[in-house]
Amino acid sequence: MGILHLSINNLCVRIFTLYEFNYFSAGMRLVLIIFGFIGVWKHAKSEGHDDYGLLVSEKARKYAIVKELDKPVDLKDGSVVLQFETRLQNGLECGGAYLKYLRTQDAGWLPKGFDNESPYSIMFGPDKCGLTNKVHFILKHKNPKSREYIEHHLKVPPSVPSDKLTHVYTAILTPDNEVRILVDGEEKKKANFLSTDDFEPALIPEKTIPDPDDKKPEDWDERAKIPDLDAKKPDDWDEDASIEIEDEEAKKPEGWLDDEPEEIDDPEATKPEDWDDDEDGLWEAPKIDNPKCESAPGCGEWKRPMKRNPAYKGKWHAPLIDNPNYKGIWKPQQIPNPSYFELEKPDFEPIAAIGIEIWTMQDGILFDNILIESDEKVAESYRDTKWKPKFEVEKEKLKAEEEASSLSEGLKGFQKAVFDLFYKVADIPFLSEYKLKILDLIEKAEKQPSITIGVLVSIVVVIFTLLLKAIFSGKKPAKVTEETKKEDVAETSNNQGSSEEKEEDNGEDASAPVRRRTRREN
């Protein structure tokens, strides 16, 4: 039998307000007049869906909102399922996204005064900041002896999913004193309310406690070891010996340049023309490493290296011996714990309202489908019909984005490899006549990566065309050999006498436009 379901997914829906359910249209703002809580709630769509939720709309704000139930929900009879969805659309670096299941108003709170001090029975949901990363489950339980309410925190709770998808959080309280925490329908934690290993502090206190009035005796000696008062410092113990001494066996390496400094004035440096000795001081050339020292083992005054002093012993201290008066570490005596009680089942307080009271540095937190149920199958049905379709759509979208990003990175790597190959092709002697055209194509492709394939085809066509010309014209590409190189060198030597003619030719060509430098030549 269902107990409560709050859905925020229609264009005109009942959503949390301060005093009662009201009707709000999509996109309307909810401004809560609660002192210190200035965060603005919005009734907004979940990104990528037509589904609406309760949205944290601003960064670095305190938010508070509460909904009273028609009648309190008793947690003592049978199973109870607490479930809700939340989506961290902009992530969660520091803030909470949890719910508080509040006690009845006779516990001392009013809806218009709802804040972080309002008494709750259970707090459940994500919380993340710094080293904190957990799905909280806190039970506030009353000690029947002291009448004090104590917060009992679940030990080793699940961590918060790190993505920006919609997740559903479920806490199932069972009659056998267990609580199961599910994230997206998968059990992440099972604990027993009465186990000392599962909650901190344990629900059932220790039977005894240290006596607060017990005092340690003045003559109580907690030192296990003491200095031997009969011990004396040996005569050969030199406390003034240095830790290190010069290595007398070390010898100066051959070739050491004693008269050469490690740094010299930069011979190429010149005094700036605008340097004024009266205002700027005496100009000194900057220092550079002495080039003579690069090939030598060292320059300047040679000094023996230091080594550890074998005679060093340090400050002498008397050795420690067992303390004959040692009594151990003092502890106060144990007395019966006046707050101790025995318990067969937790004394859950009824839930009279559901509230969200958070402080967060992120906006975009969306709450939806808040459920209190007695039947686990109903909660499972809501996960299957309400949460899972949204989650699958978001997951597929995320997968497509990751694949697109991976493909983009792969294409960038492919394009770089292609460009490198192009530059090698441009250097082939056989294509020297067309090198400038090929380099021009490469430059265009680098500026517009989308035409890489077109450039590749163009270069292949050029090479294929040249091969056809070579085949049908009967000419073969010139083969560069050692003899050819020698002939070129000899010809260059014989032509030195005509350098004046070359200079005249160069003078004539100087007026011609200069060819731009390519990335390869730079």
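Residues numbered from 1 in each chain as written. Predicted model: local features only at pLDDT ≥ 70, side-chain atom pairs only at ≥ 80, totals over all residues. Heavy atoms only, no water.

**Q** Would you explain empty space enclosed by the protein in this entry?
**A** To find the voids left in a structure, one rolls a probe of water-molecule size over its atoms. Under the definition given, this model contains three cavities of 30 Å³ or more. Space inside the largest cavity adds up to approximately 50 Å³. Every residue lining the largest cavity is counted, ten residues in all, and those nearest its centre are Gln83, Glu85, Val168, Asn369 and Tyr382. Every element with two or more residues in the lining of the largest cavity is listed here: strand 8 (80-88), strand 27 (365-373) and helix 2 (376-426). Looking at the lining of the largest cavity residue by residue, the classes come out as four nonpolar, three polar and three charged. (1 Å grid on protein atoms, 1.4 Å probe; cavity = no way out; pocket = protein on both sides within 12 Å on 5 of 7 lines; lining within 4 Å. Points joined across faces, edges and corners; volume = space filled by probe spheres on them. Helix = DSSP H or I, 4+ residues; strand = E, 2+ residues; numbered from the N terminus. Nonpolar A, V, L, I, M, F, W, Y, C, P; charged D, E, K, R; others polar.)

**Q** Just checking my understanding: could you explain the side chain of Gln83 for this structure?
**A** Looking at where Gln83 falls in the secondary structure, it is placed in strand 8. Side-chain polar atoms of Gln83 contact the side chain of Arg383, separated by 2.9 Å. Excluding residues within four positions of it along the chain, Gln83 makes contact with Tyr101, Val168, Tyr169, Thr170, Asn369, Ile370, Leu371, Ala379, Tyr382 and Arg383. (Polar contact = N/O pair within 3.5 Å; in protein donor to acceptor, adjacent residues only side chain to side chain. Contact = heavy atoms within 4.5 Å.)

**Q** Looking at this model, I keep getting lost on a negative patch on the surface. Mind explaining?
**A** On the surface, Glu273, Asp274, Asp276, Asp278, Glu279 and Asp280 cluster together to form a negatively charged patch. In this fold, Glu273 is placed in the loop between strand 21 (263-265) and helix 1 (277-280). (Patch = residues over 30% accessible without salt bridge, like charges linked within 9 Å, V, L, I, M, F, W, Y side chains within 5 Å. Areas by Shrake-Rupley, 256 points an atom, 1.4 Å probe, with all protein chains shown as cover. Salt bridge = Lys/Arg side-chain N within 4 Å of Asp/Glu carboxyl O. Lys, Arg positive; Asp, Glu negative; His and termini not counted. Charge placed at Lys NZ, Arg CZ, Asp CG, Glu CD.)

**Q** Looking at this model, I keep getting lost on the state of the cysteines. Mind explaining?
**A** One covalent bond between the sulfur atoms of two cysteine residues makes up a disulfide. Counted by the stated rule, this structure contains two disulfides. Across a sulfur-sulfur distance of 1.8 Å, Cys94 and Cys129 are joined as a disulfide pair. As the torsion about the S-S bond is roughly -75°, the Cys94-Cys129 disulfide counts as left-handed. Here the residue Cys94 occupies a position in strand 9 (residues 94-96), and Cys129 occupies one in strand 11 (residues 120-129), the gap between them amounting to 35 residues. Relative accessible area serves as the criterion here: at 34%, Cys129 is assigned to the partly exposed category. Across the disulfide from Cys293 sits Cys299; the S-S distance is 1.9 Å. In this structure, the disulfide formed by Cys293 and Cys299 twists by about -120° around the S-S bond and is classed as left-handed. (Disulfide = S-S within 2.5 Å. Buried < 20%, exposed > 50% of the residue type's maximum accessible area, 1.4 Å probe, protein only.)

**Q** I would appreciate a short explanation of the pairing of strand 13 (residues 149-154) in the present structure.
**A** Each regular strand carries side chains that alternate between the two faces of the sheet. Examined bridge by bridge, strand 12 (residues 132-142) and strand 13 share five bridges and lie antiparallel to one another. Residue Lys142 lies in a different strand from strand 13, and its bridge partner there is Tyr149. Where strand 12 hands over to strand 13, the hairpin turn is made up of six residues, of which Arg147 adopts a positive phi near 65°. Across two bridges, strand 13 lies against strand 17 (residues 199-200) in antiparallel orientation. Opposite Leu154, over in strand 17, you have Phe199 as the bridge partner. (Pairing = 2+ DSSP bridges.)

**Q** Looking at this structure, how should I read the pattern of salt bridges?
**A** Opposite charge on two side chains permits pairing when their charged atoms draw close. Counted under the stated rule, the structure contains 23 salt bridges. Taking the shortest distance from any N to any O, the salt bridge between Lys188 and Glu186 comes out at 3.6 Å. Glu186 sits in the partly exposed class, given a relative accessible area of 47%. A single network of salt bridges, built from pairs that share partners, joins Asp51, Glu85, Asp368 and Lys390.

**Q** What should I look at first to understand the nonpolar core in this one?
**A** The biggest cluster of nonpolar side chains holds 53 residues, and the ones touching the most others in it are Tyr101, Phe124, Phe137 and Phe367. When residues of this core are assigned to their parent elements, the largest contribution, six residues, is made by strand 7 (residues 61-73). One finds Val418, Val425, Ile442 and Ala445 within the second-largest nonpolar core, a separate group that totals eleven residues. (Core = buried A, V, L, I, M, F, W, Y, C linked by side-chain atoms within 4.5 Å.)

**Q** Would you mind showing me how to read the packing of aromatic side chains here?
**A** For any pair of aromatic rings, the description consists of the separation of the ring centres together with the inter-plane angle of the planes. Within the structure shown, the criterion is met by eleven aromatic pairs. Ring geometry for Trp109 versus Phe114: centroids 6.5 Å apart, planes at 65°, classification edge-to-face. By the burial criterion, Trp109 is buried, and Phe114 matches it. Their ring planes at 65° and their centres at 6.2 Å tell us that Phe124 and Phe137 sit as a pair that is edge-to-face. Residue Phe124 is located in strand 11, and its partner Phe137 is located in strand 12; the two are separated by 13 residues in the primary sequence. Comparing Phe124 with Phe137, the two get one shared label, buried. Chaining the aromatic ring pairs together yields one cluster made of Trp41, Tyr63, Phe84, Phe124, Phe137, Tyr169, Phe193, Phe199, Phe348 and Phe367. The cationic tip of Arg103 hangs over the ring face of Tyr149; the distance from NZ or CZ to the ring centre is 3.8 Å. (Phe/Tyr/Trp six-rings, centres within 6.5 Å; stacked < 30°, edge-to-face > 60°. Lys NZ or Arg CZ within 6 Å of the ring centre and 35° of its normal.)

**Q** Is there a simple way to think about the confidence of the model for the protein in this case?
**A** As a note on interpretation, predicted positions should not be read in detail where pLDDT is low. Of the residues in the protein, 79% reach a pLDDT of 70 or more, and the chain-wide mean stands at 82. Within the protein, the element-level pLDDT minimum falls on strand 2 (residues 12-15), averaging 29, and the maximum on strand 15 (residues 178-183), averaging 98. Confidence over residues 7-34 falls short of pLDDT 50; this stretch has 85 contacts with residues more than four positions distant or in other chains. Long-range and interchain partners of residues 475-522, a stretch whose pLDDT sits below 50, account for 21 contacts in this model, where long-range means more than four residues apart. (pLDDT = per-residue confidence, 0-100.)

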